[in-house]
Amino acid sequence: MKSSMKLLTLMGILVSGAMILGACAPAVAPTSEAETQEQGEEAQQPEVQAEAESVTIQFWHTYSIETETPFLQDVLIPEFEASHPNIKVEQVQVPYDEFRRKLLTAISGGTAPDLIRADIIWVPEFADMGALVALDEFMPDFSTYQDAVFPGALATNFLNDHYYGLPLDTNTRVLVYNNDMFTAAGVQGPPTTMEEFLTACEQIKALGEGKYCFADGGTYAWAVNPWIWSFGGDVTDPDITMASGFLDGPNTQAAYEFLKNLVDQGYMHPGILGGGVDAWGGFGNDEIAMILEGPWFPPIFAGMFPDKDYGLALMPAGEGGPVSVVGGEDIVMFQQSQNKEASAEFIRFMLSEDVQLRWSEVGQLTVLASAIESDTIQNHPFFGIFLEQLKTAKARTPHPAWTKIEETYNLAGGSYLAGSASFEEALGGAAITIDGLLGQ
Amino acid sequence: MGQKTSSMGAATMFRYLILIGGAIIMVVPFLWMVSTSFKEYAYVIEFPPKLIPEAPTLNNFVEAWTTGQFQVYFKNSMIVAVISVVLAVLISAMMAYAFARFRFPGKEILFFSILLLLMVPNIIGIIPQFLLAKALGLRNSLFGLILFYVATSLPLNTFLLRGFFETLPRELEDAMLIDGANYFTIFTRMVLPLSKPALATVSIFSLLGFWDEYILALTFIDDQTKRTLPIAIASFHGQHGTDWGLVFAASLIAMIPIVALYIVLQRYFTAGLTGAIKG
Amino acid sequence: MDFLSRWVNKPVGMGVVKKGPGSRQLPIVFVFLLPGIFLFLVFNIYPLLKAFQISFYDWSIVPTNPSTFVGLDNYAQALADPIARLAFRNTVLYTMITVPGQIVLALAAALLLNSIVRGKVFLRTLYYLPVITSWVIVSLLFRYMFQSPNGFINYLLVNVLHLVESPIGWLQSASTAMIPVWLLGIWKGIGWSMVIFLAALQTIPAEIYEAADIDGAGNFHKLMRITLPLIRPTLVFVVVMLIIGGLNVFLPVALVTNGGPLQQTEVVLTYMYHQAFDFLEFGYGSALAFMMAIFIVSLSFIQLRFFRQPEEIF
């Protein structure tokens, strides 16, 4: 009996602990609107009533919890709500790794949010499902935005003659090179061509054991596509109808052979074959001489290795020129949204030049072509090289079956680089599989 | 093995040596985590690990505790975990008692089908569970999470408790029945008090599961004020790079209640064990 | 925690329940069972049946799009899928390696801890730490330790112990990539089994060992003839639980190798997860999960028969 009292006391302590915590927690954002909205939805209230009064739209995103989410929550949303008194915005930060699963589950239950900030490679898939609103039909002023944004970033929203979203931010990968290692190995400046890249690698290799010329995390599209494109190859034909003759074409083959040579010579960090690589640590500790990185790299890296001497340069050029890969996010609206007009207002707000430029200050590269001329961008320490690279950067195949397409050539590239299959077996086979996926 | 006064000295030294060696292997990753949590800008984990970082700082703990709504999530987790454990233990004890003490048609089939559930991988159930939560209006509700958690923990708890209840002396119960007590009195006055060790064990096992649960919590809850702690920790994982110092600091804060409870309960149920059961 | 040890003595379906309660008590039984059974049916059985139903469909995630009934196609596809077969093999192998690993080490730790006096509680807590540390974090640390060429393990093997000439590419080759996963599974699981073993060991009366000492029995003899037989039911319980856990392995694989390199380390649940949430093949994913479930359930029947000794069947 005594012991069970102890147990009860313990439970009591835990509960009161929870209450004390609750009491000293900072005041949380009022949720009454969200709750009323939720109850309204559960009770199947007619939506007209909700429209007439104040409406709440839900916006799911993967902004970083440290800087970007507070900017959205504490600065942008209050501004938007002040200028749109009838619209409340409820932002929901979702960890990137779990975003797809949470969203797919919500779609299956008919409870998708009004808007999401989606990785550009997901949009065609969601559009193909019929989950998204075609914005070019829904927004009468769509062409204004269509003309204002970078075409490469816009293209990621296109499927079956419609645009299902607008780009929100963009990025690409540029060559990051280690000046300390370059100096030690006698490499003169960043390589601008594939030949120079190879020469640099020979010199780096001479530095000794455990020194790598280049590193990347695997053979997925984000890693290999810049090489394929720069060598003049491609994954599919321009109309995205077939991969045969492209993914196993001579230029793509040259790109893969180049990468395989890097692996075989020991220029490439072996992490590309599996297990990935701690590229930032290796770069900072002078084990890796070159990596490809996006605009998030400089600020974070400066925190880790404040004194590191490094430079940024374009992707080395091959037969196709210096071509990198477009990344970034789009904003898309769901068919399941009950407040499409209000959601469209928020899209307009997020794409306004003022908001776009302020996002750039937080590290999100703008998608507005006009913003390039602005002081914010012109005076920025490193956006210039990324924008230069974006001029030729290409988007990964915008197709509903993208996830499977990528998986197919990721595996094929991996087995070719590991030496377990010939190029023809691996990438030729992958091309045939992808032909089938494209035909569906 | 039993205590032996003759084996003091070299043999005991040897035992301690092995035990301490083993403990080091068990604890090194944890120490590594602690050390990293005192380091700023730990996007890359230092290797080889340093026990004491160069410029130790408490900033990660402060930042974890104050970023977003960490404290709200902590409180939510406390509420969910405590209520879930109490309900899970009570409900499974009732079920276990019925299985242990009564005869009724279909008993063993029912018991076995509950056990089968232990063996079915539950990740695939996430979409049906979500549809159910939506249909019952349990989305965005801590109460909804509690119901799912309790249900998930029922099979193992019932299984463990039934085994224990069957070892309780039947004579006591018969005596109470003769004295005019009903089964509910017997359950609350005799069975539960005598079963403290078992109840403590299922409590800690259940709690471990609830405290870390992530998939249901993330999927069911859109309302940011109703999220639980594992989601707060996952939110510190960035899309392009993760500050591990921050993640580790947040995880360490989250571990405090669990470690505290474990230390308290382990004494409790070991003590209860030798007394109540063997007596 | 001796109660754990009673369950085989009164095995499932074999409970010795005295005669007495008749139909008069049915209402009481009903009240005791009601809350549990209700929760069980609503929150466990219903979603499971729904998932079972999905496994017969080419299931569409958008509720307004039609799903097509495909009969047993998903199951047939799973049987013919070489990666599914490999995933199954990896799952069974993981279980065959991590279960004995955990049992032996946990038992050794429990025996040693039981034989000391000072610092017992402290050491036991240290051994339990991995159990309560999050999977995400320990997986990350294991991945760092097994990095190639500059990880901690390679450093240990090459530079300190001089066991191998050159660093091993642990995560880069199919033959070695599962090793970190196995070690992680064992390392993280020892504490759980150890706590249960320790509780069982403490219920063994010291007099039995004293009697054995008088007979001049050695330590090994005492272990085999006294300790193990006396904690046998606990041992069986732990083995059964670990086998179920091993066959349901998901997190250590998802977080350490994520199935790579080249899908060579997929286990059933990671493969199912990829199919369902990456490729939206929910029907196929469900079919994979249920085939695994059928396997585990059949295995449990065999386990029950195998572990039950004649004298334990009343």
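For every chain, the first residue of its written sequence is number 1, and the numbers climb from 1 along that sequence. Written order determines the labels here, with chains lettered from A and ligands numbered from 1. Owing to the predicted nature of the model, reporting of local features is limited to residues with pLDDT of at least 70; listing and counting of side-chain atom pairs is limited to 80 or more, with chain, interface and lining totals taken over all residues. Note that water and hydrogens are dropped before the side-chain values are worked out from all heavy atoms of the structure.

Caption draft 1: Local environment of the domain arrangement of chain B. Residue and element names in this part refer to chain B. Each assigned domain of chain B is listed here: domain 1 (5–57) and domain 2 (62–277). The C-alpha centroid of domain 2 is placed 31 Å from the C-alpha centroid of domain 1. In this assembly, 10 residues from domain 1 lie in contact with 10 residues from domain 2. Here the quantity called buried area is the total loss of accessible area, with a 1.4 Å probe, experienced by two parts when brought into contact, counted for both. Note on domain 1 versus domain 2: buried area summed over both sides is about 810 Å², and carbon and sulfur give 77% of it. Here, a salt bridge means any side-chain nitrogen of Lys or Arg that lies within 4 Å of a carboxyl oxygen of Asp or Glu. Summed over the shared surface of domain 1 and domain 2, the number is zero salt bridges. Any N or O atom pair separated by 3.5 Å or less is treated as a polar contact, with the protein-specific requirement of one donor-capable and one acceptor-capable atom, and with residues adjacent in sequence counted only for side-chain atom pairs. Applying the counting criterion to the domain 1 and domain 2 interface returns zero residue pairs in polar contact (both at pLDDT 80 or more). Charged residues are taken to be Asp, Glu, Lys and Arg, nonpolar residues to be Ala, Val, Leu, Ile, Met, Phe, Trp, Tyr, Cys and Pro, and polar residues to be all remaining types, Gly included. Across the side of domain 1 that touches domain 2, the residue classes tally to seven nonpolar, two polar and one charged. An automatic or database domain assignment supplies the start and end points of every domain. Residue contacts are defined here by distance: any two heavy atoms, one from each residue, within 4.5 Å place the two residues in contact.

Caption draft 2: Here's a closer look at the nonpolar core. Within the largest apolar cluster, 336 residues are counted, with the highest numbers of intra-cluster contacts made by Phe197(A), Trp227(A), Phe346(A), Met350(A), Tyr409(A), Phe165(B) and Trp192(C). Among the elements that line this core, the one with the most residues is helix α3 (residues 70–101) of chain B, at 19 residues. Once you skip the residues sitting within four places of it in the chain, Phe197(A) turns out to touch Leu175(A), Pro191(A), Cys213(A), Phe214(A), Trp227(A), Phe258(A), Leu262(A), Met290(A) and Pro316(A). Throughout this description, the term nonpolar core refers to a set of buried Ala, Val, Leu, Ile, Met, Phe, Trp, Tyr and Cys residues connected via side-chain atoms within 4.5 Å. Whether a residue is buried, partly exposed or exposed follows from its accessible area with a 1.4 Å probe, protein chains only, as a fraction of its type maximum: under 20%, in between, or over 50%, in that order. Trp229(A), Phe283(A), Ile291(A) and Tyr43(B) belong to the second largest nonpolar core, which has 20 residues in total. Secondary structure elements are taken from DSSP: a helix is a run of H or I of four residues or more, a strand is a run of E of two residues or more, and numbering for both begins at the N terminus.

Caption draft 3: The arrangement of the domain arrangement of chain A in detail. Residues and elements named next belong to chain A. We note that the domain assignment places domain 1 (53–171 + 327–390) and domain 2 (174–324 + 401–439) within chain A. At the junction of the two partners, domain 1 supplies 11 residues and domain 2 supplies 17 residues. A buried area of about 1200 Å², summed over both sides, lies between domain 1 and domain 2, and 73% of it is on carbon and sulfur atoms. Of all residues in domain 1, the largest losses of buried area upon contact with domain 2 belong to Ile385, Phe386 and Gln389, amounting jointly to 50% of the total for that side.

Caption draft 4: Seen up close, the packing of helix α5 (residues 126–135) of chain B against helix α1 (residues 26–54) of chain C. In this description, a line fitted to the C-alpha atoms serves as the axis of each element, helices being fitted only across the stretch in contact, and the angle between N-to-C directions of two axes falls anywhere from 0 to 180 degrees. Running from N to C, α5(B) and α1(C) point in directions that differ by 125°, and their axes come no closer than 8 Å. Overall, the two elements α5(B) and α1(C) adopt an arrangement that is oblique. In the crossing of α5(B) with α1(C), the sense of the turn from one axis to the other is right-handed. Of the residues in α1(C), those touching α5(B) at Pro128(B), Gln129(B), Leu131(B) and Leu132(B) are Val42(C), Phe43(C), Tyr46(C), Pro47(C), Lys50(C), Ala51(C) and Ile54(C). Classifying every residue of the contact of α5(B) with α1(C) by side-chain character gives nine nonpolar, one polar and one charged. In what follows, roughly perpendicular refers to angles from 65 to 115 degrees, roughly parallel to angles under 35, roughly antiparallel to angles over 145, and oblique to any angle outside these ranges. Crossing handedness is defined as follows: a turn of the near helix away from the far one that is anticlockwise and smaller than a right angle gives a left-handed crossing, while the clockwise case is right-handed.

Caption draft 5: Focus on the sheet that holds strand β2 (residues 87–93) of chain A. Residues and elements named next belong to chain A. On the basis of which strands lie adjacent, the open sheet formed by five strands has the order β2-β1-β3-β11-β6 and mixed pairing. Looking at strand neighbours, the two that pair on one side only are β2 and β6 (165–172), the edges of this open sheet. Across the sheet, the mean angle from the axis of one strand to that of its neighbour is 20°, orientation sign disregarded. Pairing between two strands is assigned when DSSP locates at least 2 bridges connecting them.

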